[in-house]
There are 2 protein chains.
Amino acid sequence: MTKSATPRRSPPMVSDIGPLKGHLGYFVRRLQIWVFQDFIRTLAAIEISPAQFSVLAVIHANEGLSQIELGNTLGIERARLVRLLNRLERRGLLERLPSNGDGRRHALRLTAGGQATFKQARNLADRHESGLLAKLGEARYRALMDALRP
Amino acid sequence: MTKSATPRRSPPMVSDIGPLKGHLGYFVRRLQIWVFQDFIRTLAAIEISPAQFSVLAVIHANEGLSQIELGNTLGIERARLVRLLNRLERRGLLERLPSNGDGRRHALRLTAGGQATFKQARNLADRHESGLLAKLGEARYRALMDALRP
DNA sequence: TATTGTTATACTCTATAACTATA
DNA sequence: TATAGTTATAGAGTATAACAATA
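Residues numbered from 1 in each chain as written. Chains lettered and ligands numbered in written order. Predicted model: local features only at pLDDT ≥ 70, side-chain atom pairs only at ≥ 80, totals over all residues. Heavy atoms only, no water.

- In the annotation of an unreviewed UniProt entry, the entry for chain A reads MarR family transcriptional regulator, and the organism field reads Undibacter mobilis.

**Digging into the UniProt feature "domain: HTH marR-type" (unreviewed entry) in chain A**
(1) Moving on: If you check UniProt for "domain: HTH marR-type" (unreviewed entry), the listed places come out as residues 17-150 of chain A in our numbering.
(2) Moving on: A helix fraction of 66% and a strand fraction of 7% characterise residues 17-150 of chain A, whose end C-alpha atoms lie 29 Å from each other. (UniProt positions renumbered as here; feature names shortened; annotations may be inferred. Helix = DSSP H or I, 4+ residues; strand = E, 2+ residues; numbered from the N terminus.)

**Examining the interface of chain B and chain A**
(1) Moving on: The partner chain A presents 52 residues to the 52 residues of chain B that form the contact.
(2) Moving on: Of the roughly 4,400 Å² buried where chain B meets chain A, counting both sides, 70% is carbon and sulfur surface.
(3) Moving on: Interface area lost by chain B to chain A is led by B:His23, B:Leu24 and B:Leu148, which between them contribute 15%.
(4) Moving on: Where chain B touches chain A, the interface holds 0 salt bridges.
(5) Moving on: Taken together, chain B and chain A are joined by 18 residue pairs in polar contact (both at pLDDT 80 or more). (Contact = heavy atoms within 4.5 Å. Buried area = accessible area lost by both parts, 1.4 Å probe. Salt bridge = Lys/Arg side-chain N within 4 Å of Asp/Glu carboxyl O. Polar contact = N/O pair within 3.5 Å; in protein donor to acceptor, adjacent residues only side chain to side chain.)

**Examining the side chain of A:His128**
(1) Moving on: With respect to the secondary-structure elements, A:His128 resides in helix α5 (residues 112-136).
(2) Moving on: Setting aside anything within four residues of it in sequence, one finds A:His128 in contact with A:Val35, A:Asp38, A:Phe39, A:Thr42 and B:His23.

**What to know about the protein's contact with DNA strand D**
(1) Moving on: Around DNA strand D, a shell composed of 27 residues is seen, among which A:Arg80, A:Gly103, B:Arg29, B:Gln67 and B:Ile68 lie nearest.
(2) Moving on: For DNA strand D, the fraction of atoms within 4 Å of the protein that belong to sugar or phosphate moieties is 69%.
(3) Moving on: Side-chain polar atom of A:Arg83 to a base oxygen of DNA strand D: 3.4 Å apart, as the coordinates give it.
(4) Moving on: B:Gln67 is positioned such that a nitrogen or oxygen atom in its side chain is 2.8 Å from a phosphate oxygen of DNA strand D.
(5) Moving on: Listed by contribution, the elements that provide at least two residues to the surface near DNA strand D are α4 (78-90) of chain A together with α1 (24-42), α3 (67-74) and α4 (78-90) of chain B.
(6) Moving on: Here the surface near DNA strand D gets 5 residues from one element, more than from any other, and that element is α4(A). (Near = heavy atom within 4 Å.)

What follows is the structure in structure tokens.
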């Protein structure tokens, strides 16, 4: 090929962000979007979003927990969680079993297929994380992790 | 009063987050939500969201810039920006003037009312930021700022 | 009475595609 | 042909309220 097929576009001209320079929330938001976009791209082949990955991870680590516990752990509203779980259940990745003891609760479990998908997801998520470390540099990555972890 | 009027609720039981412990994106997301909720509460009285604040701030610092420049600066898609600006224009906070030179562009400016509202917003946003520093502690706040700023 | 899961509604955000007017 | 702004649509996230079943 002689030349790029993509049309030449003017370099995106960026302006002064003014007082946003002094706001933590602005930079946290920009980083979060950038990280999630990379995550989504990396796991696109298996169609697992960041929220779905977090749900599978917590169920995997806490088999039999209830929806309310899952929601509290991840900060997801219980009404929102219902639809999230519906989709994963329809995909055959998890099941809602009757809870022993409390008739109001469901005990959440990954199915065999859910375990397999989660294993793939974890491999891709690890690749994503290594990519972050490479792009941010070890020092900055470590500084962020140390400052962010509660 | 003798007792709290709010019903007693069981302490939210939180589970193990498993492999999420090793993912930067998880912690960045949790922090971002926490910071934005605080921002929204602090500026609730004047009904300015984080996105609206960022738009007012960049227009204030770059009077006459175009929508595409504003979008590039903040990472906001131009289609989304249209509705954001519509609302602020309807509230009388900004105006879209004809650009000299290029008939396709608008030159964005804050109105007098927009300047006044932005001044209020900046005061409240500063209070929000001081609150963050107090809640996170100076060391952690500084570490985050240093690691986040590009 | 309170809690768990569910349904429903409304609003925001994000991602596209297509249209227009201008260049 | 490409760009700036606009409109429209669909999907996801967020915030509520209300309901049934169970405690």
